[in-house]
Amino acid sequence: MRMEITTQNTVRTGSKDILARLMATEDITVIHDSSQETASFDTQDRVLRLPVWKDMTGSIYDMLVGHEVSHALNTPANAWQEFS
């Protein structure tokens, strides 16, 4: 069971989880974390981490989800090692 977080501007994170998984065309894990400074996608473990900011809007969430899902679709799992 997933816990739904609602930000101050009533962004429904459960809906964003579904959006991310549909866009990624796979059942990725989506984590909403207030300690995250920014969004990230773990290409190995297939985990999308999204920040929970005080004044987060649905549009900002959608932009972060879209960017990170692009990594899910287009970044090879070991591509980051080339830049280390």
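In what follows, the accompanying structure is described. (Residues numbered from 1 in each chain as written. Predicted model: local features only at pLDDT ≥ 70, side-chain atom pairs only at ≥ 80, totals over all residues. Heavy atoms only, no water.)

### Quick notes on the overall build of the protein chain
Alright, step 1. A count of helical and extended segments in the protein chain gives two helices and three strands.
Alright, step 2. The order of α-helices and β-strands along the protein chain, N terminus first, is α-β-β-β-α.
Alright, step 3. Every one of the 84 residues in the protein chain was classed for burial, and the buried ones make up 35%.
Alright, step 4. Looking at the protein chain alone, contacts between residues at least 24 apart form 43% of all its contacts between residues at least 6 apart.
Alright, step 5. Summed over its atoms, the accessible surface of the protein chain is roughly 5400 Å², and 53% of this surface lies on carbon and sulfur atoms. (Helix = DSSP H or I, 4+ residues; strand = E, 2+ residues; numbered from the N terminus. Buried < 20%, exposed > 50% of the residue type's maximum accessible area, 1.4 Å probe, protein only. Contact = heavy atoms within 4.5 Å. Areas by Shrake-Rupley, 256 points an atom, 1.4 Å probe, with all protein chains shown as cover.)

### Digging into the sheet that holds strand β2 (residues 40–42)
Two strands in a sheet stick together by hydrogen bonds in their backbones, pointing the same way (parallel) or opposite ways (antiparallel).
Alright, step 1. Spatially, three strands are ordered β1-β3-β2 in an open sheet, and the strand pairing comes out mixed. For this open sheet the edge positions go to β1 (29–33) and β2, each flanked by a neighbour on one side alone. With strand direction ignored, the average angle separating the axes of adjacent strands in the sheet is 20 degrees.
Alright, step 2. Across three bridges, the pairing between β2 and strand β3 (residues 47–51) is antiparallel. (Pairing = 2+ DSSP bridges. Axes fitted to C-alpha atoms, helices over the stretch in contact; angles between N-to-C directions.)

### Examining the pairing of β3
Alright, step 1. Burial within β3 is extensive, with four of its five residues counted as buried.
Alright, step 2. The pairing of β1 with β3 spans five bridges and is classified as parallel. Bridging across to β3, His-32 finds its partner in Leu-50.
Alright, step 3. Counted along the chain from β2 to the antiparallel partner β3, the turn is four residues long, and its residue Arg-46 has a positive phi close to 60 degrees.

### Section: the packing of helix α1 (residues 13–24) against helix α2 (residues 58–74)
Alright, step 1. At a minimum axis separation of 9 Å, α1 and α2 run at an interaxial angle of 30 degrees. Regarding the angle of α1 to α2, the classification is roughly parallel. Here α1 runs over α2; the crossing is right-handed. Contacts between α1 and α2 involve Thr-13, Lys-16, Leu-19, Ala-20, Met-23 and Ala-24 from the former and Gly-58, Tyr-61, Asp-62, Val-65, Gly-66, Val-69, Ala-72 and Leu-73 from the latter.
Alright, step 2. Here the residues of the contact of α1 with α2 are counted per class, giving nine nonpolar, three polar and two charged. (Parallel < 35°, antiparallel > 145°, perpendicular 65-115°, else oblique. Left-handed = near helix turned anticlockwise from the far one by under 90°. Nonpolar A, V, L, I, M, F, W, Y, C, P; charged D, E, K, R; others polar.)

### Topic: α2
Residue pairs three or four apart in sequence face the same way in an α-helix, which turns once every 3.6 residues.
Alright, step 1. Along its 17 residues, α2 runs 24 Å from first to last C-alpha, staying within 8% of the 24 Å computed at 1.5 Å per residue.
Alright, step 2. Lining the buried residues of α2 we find α1, β1, β2 and β3. (Expected span 1.5 Å × (residues − 1).)

### Points about the environment of Gly-66
Alright, step 1. Inspection of the secondary structure assignment puts Gly-66 in helix α2.
Alright, step 2. Considered as a pair, Gly-66 and Ala-24 are 42 residues apart in the sequence and their alpha carbons are 9.1 Å apart.

Geometry only, nothing functional implied.
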